[in-house]
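Listed here are the chains, written in short residue letters.
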Amino acid sequence: MDALLFWILAAGAVTASVLVIGQRNPMRSVLLLIVSFVALAGLYVLLGSPFAAVIQIIIYTGAIMVLFLFVVMLLNVPTEEIPIGRAARLLGGAAPRRFGAVISAVLALELFWAIGRMTVLNMPGGDVKPTEVHDIGVRLFRDYAFAFEATSVLILVAMVGAVILARKEPR
Amino acid sequence: MNPQIIAQLIVIGFTFFMLLNSAAILVYMERKVAAFVQQRYGPYLVGPKGLLQPLADIIKLIMKEELRPKSADAFLFYLAPIISAAAAFSAFAVVPWGADTDFSTLARLLFLDKLFGFKGLEHPIHLAVADVNVGLLVIFSITAMGVYGIVLAGWSSNSKYSLLGALRASAQMISYEISYGLSFAAVIMLAGSLSLGTIVDAQAGYWFGFIPKWYVFIQPLGFLIFLTAGVAETNRAPFDFPEAEQELVAGYHTEYSSMSFAMFFLAEYVNMVTVSAVATDLFLGGWHGPFPLPDGFGWIWFLLKVLALLFFYIWMRWTLPRYRYDQLMEFGWKWLLPAAVLNLLVSAYVALRVNGW
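Worth saying up front: this structure is predicted, and the values here are computed from it rather than measured.

## What about the overall build of chain B?
Here is step 1 of the chain: Of the regular secondary structure elements, chain B holds 14 helices and 2 strands.
Here is step 2 of the chain: Here the C-alpha radius of gyration of chain B, 21 Å, is about what a compact globule of 357 residues would show, namely 21 Å.
Here is step 3 of the chain: Its C-alpha atoms give chain B principal-axis dimensions of about 60 × 55 × 45 Å.
Here is step 4 of the chain: Considering chain B as a whole, with its 357 residues, one finds that 46% of them fall into the buried category.
Here is step 5 of the chain: Excluding contacts between residues fewer than 6 apart, the proportion of contacts in chain B whose partners are at least 24 apart in sequence is 79%.

Right, dumping it as structure tokens:
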């Protein structure tokens, strides 16, 4: 049962992720990304961490993707246009495309090579007991308190930066 | 099959059935209360006292033609109401509506033991679809998914009113979600658990023998914030901007008709029930009443409290005028959010002092 669910969710996540980059319609891309995130949350549940799954949905699908959707909706780009003009010839012409194809083929080969050499590590025990919220809290706010606080300062700085960049100069 | 599993399946089916019916009951209640507030009679022709009016409404909706604007994105246009309704129903899945019971008292009172030899189950079962240990967060995440139904409806209709309604809806729901989450975070700290069942049981018992230990008495501000944010989350008046008739025709569901429209309608009422049920579990002691009922009957208290909250919602809709959109945003960010943060900090301090961690 677990194995079947794993394959369904994993296939869902991978297919959706591949389709995200294959779409010309940005709206569809955003929606497929949401599907991929939800499938990923399902995988977290299978790993015995419902908390991580729920947080994944709240933060990524609930907050971040809504903002993405917002932007796509406001810009209202119907479909990605095939670029024309001189700049397009430089980037989208035959030579850059061939170059790109070669690079991605190399990447694919590298991936196959790396995955082939992978050794499967033994997971601690077959039945992992569900992670308690309390344990996560202790880890986050006691053991890794410094990293946590540093991250929050970083995010705050980024936020202030965004406000300053977006602000119109008063005349 | 194991009688435990059969009983649990019956409970799940019953929950779903009641949730479906609650929409019909609420439509009737809403129209009657509205009529009372406006000094009218309300529906009274269909059935005794107009009780069959919701049924007539449903038949009317089914019979109507299903329309789709020519320029609409067909797939997303039909997907949106499904997302809305599915999210509304699945959020209720983790809400427990009664204490764990083995039905022995119920079997005795209904003479099931004499008639069928049913003496109650071996082990008590949950009166909920599933009591998950992160239940509250599950509700929160599914509510967040509900936004997509509205946003997609607005975008895929390809109409200016729908789009404006959807934009308002998403902005409003994101803004009020924060206060909503912070207000129940205070309760989580007091109860020390994310499971709704555990939170309700933490409210059992009485102070001085007669005041029930409900969190509403410790968290009055939290309760008010939760209710206010809940109204905004369900897009009800006075915060019903996504569908403000005078400005946006019908907001995000302007282009919908027939059963697709009915789905949005259903979702709105089911969301109201869910918010009221969660408020009951979090702040009003769930199935613990002012005096205890026999084992297996606590859900009567739960039902009464949810009905009272729903009445309050309807009452408010027909009493208060709609705010202005900028007032809504200002209120959400400048008043409700600081109040929620303050409430959380004070609760954290008190919880730390009392529980001593």
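## Let's talk about the overall build of chain A
Here is step 1 of the chain: Counting its regular elements, chain A contains 7 helices and 0 strands.
Here is step 2 of the chain: Listed N to C, the secondary structure of chain A is α-α-α-α-α-α-α in terms of helices and strands.
Here is step 3 of the chain: For chain A, with 171 residues in total, the buried portion stands at 15%.

## A few points about unusual backbone geometry
Here is step 1 of the chain: Even without a glycine there, the phi angle at B:Gln39 is positive, about 55°.
Here is step 2 of the chain: By secondary structure assignment, the location of B:Gln39 is in the loop between α1 (3–37) and α2 (53–63).

## Digging into the nonpolar core
Here is step 1 of the chain: Core analysis: the biggest nonpolar cluster contains 116 residues, and A:Val54, B:Val151, B:Val187, B:Leu266 and B:Val270 have the highest contact counts within it.
Here is step 2 of the chain: At 16 residues, the largest contribution of residues to this core is made by helix α12 (residues 258–283) of chain B.
Here is step 3 of the chain: Setting aside chain neighbours within four positions, we find B:Leu266 in contact with B:Ala23 and B:Ala85.

## So, the interface of chain A and chain B
Here is step 1 of the chain: The interface of chain A with chain B comprises 14 residues on the first partner and 16 residues on the second.
Here is step 2 of the chain: Ranked by residue count, the leading element in the side of chain A that touches chain B is helix α3 (residues 50–75) of chain A, at 12 residues.
Here is step 3 of the chain: When its residues are assigned to classes, the side of chain A that touches chain B shows 12 nonpolar, 2 polar and no charged.

## Brief notes about the domain arrangement of chain A
Here is step 1 of the chain: Domains assigned within chain A are domain 1 (1–79) and domain 2 (132–171).
Here is step 2 of the chain: Each of domain 1 of chain A and domain 2 of chain A has a C-alpha centre, and these two points are 24 Å apart.

## Some thoughts on the packing of helix α2 (residues 26–46) of chain A against α3(A)
To describe two helices that pack against each other, one gives the angle between their axes and the distance between the axes.
All names here are of chain A.
Here is step 1 of the chain: Direction vectors running N to C along α2 and α3 enclose 175°, while the axes themselves pass 8 Å from each other. With respect to α3, the element α2 is oriented roughly antiparallel. Contacts from Pro-26, Met-27, Val-30, Leu-33, Ile-34, Phe-37, Val-38, Leu-40, Ala-41, Tyr-44 and Val-45 of α2 reach α3 at Pro-50, Ala-52, Ala-53, Gln-56, Ile-57, Tyr-60, Thr-61, Met-65, Phe-68, Leu-69 and Val-72.
Here is step 2 of the chain: Split by residue class, the contact of α2 with α3 holds 20 nonpolar, 2 polar and no charged.

## Thoughts on α1(B)
All names here are of chain B.
Here is step 1 of the chain: The end-to-end C-alpha distance of α1 is 48 Å, a good match for the 51 Å that 35 residues give at a rise of 1.5 Å each.
Here is step 2 of the chain: Turning to α1, its buried residues are Leu-19, Ser-22, Ala-23, Leu-26, Tyr-28, Glu-30 and Lys-32.
Here is step 3 of the chain: Packed against the buried residues of α1 are α2, α3 (74–91), α12 and α13 (299–319).

## A word on the confidence of the model for chain B
Here is step 1 of the chain: Mean pLDDT for chain B: 81, with 91% of residues reaching 70 or above.
Here is step 2 of the chain: At the level of chain-chain contacts, confidence expressed as ipTM amounts to 0.74, with global pTM at 0.80.

## Topic: helix α10 (residues 220–233) of chain B
Residue and element names in this part refer to chain B.
Here is step 1 of the chain: With 14 residues, α10 extends 20 Å from end C-alpha to end C-alpha; this agrees with the ideal 20 Å at 1.5 Å per step.
Here is step 2 of the chain: For α10, the tally of buried residues reaches 10 of 14 residues, placing the bulk of the element in the interior.
Here is step 3 of the chain: Residues of α10 that are buried include every one of Gly-222, Phe-223, Ile-225, Phe-226, Thr-228, Ala-229, Gly-230, Val-231, Ala-232 and Glu-233, and no others.
Here is step 4 of the chain: Of the residues flanking the end of α10, it is Asn-235, one or two places downstream, whose phi is positive at about 55°.

## Notes on the packing of α12(B) against α13(B)
Residues and elements named next belong to chain B.
Here is step 1 of the chain: Contact pair α12 / α13: the axes reach a minimum separation of 9 Å and the direction vectors enclose 125°. On the basis of their axis angle, the class for α12 and α13 is oblique. Our pair here, α12 against α13, has a crossing hand that is right-handed. Residue-level contacts link Met-272, Val-273, Ser-276, Ala-277, Ala-279 and Thr-280 of α12 to Phe-302, Lys-305, Val-306, Leu-309, Leu-310 and Tyr-313 of α13.
Here is step 2 of the chain: Of the residues contributing to the contact of α12 with α13, the split by class is 9 nonpolar, 2 polar and 1 charged.

Rules of the game
- Residues numbered from 1 in each chain as written.
- Chains lettered and ligands numbered in written order.
- Predicted model: local features only at pLDDT ≥ 70, side-chain atom pairs only at ≥ 80, totals over all residues.
- Helix = DSSP H or I, 4+ residues; strand = E, 2+ residues; numbered from the N terminus.
- Rg over C-alpha atoms; globule rule 2.2 N^0.38 Å.
- Buried ≥ 20, exposed ≤ 12 C-beta atoms within 10 Å, placed from the backbone.
- Contact = placed C-beta atoms within 7 Å.
- Core = buried A, V, L, I, M, F, W, Y, C linked by C-beta atoms within 7 Å.
- Nonpolar A, V, L, I, M, F, W, Y, C, P; charged D, E, K, R; others polar.
- Domains from an automatic or database assignment.
- Axes fitted to C-alpha atoms, helices over the stretch in contact; angles between N-to-C directions.
- Parallel < 35°, antiparallel > 145°, perpendicular 65-115°, else oblique.
- Expected span 1.5 Å × (residues − 1).
- pLDDT = per-residue confidence, 0-100.
- Left-handed = near helix turned anticlockwise from the far one by under 90°.

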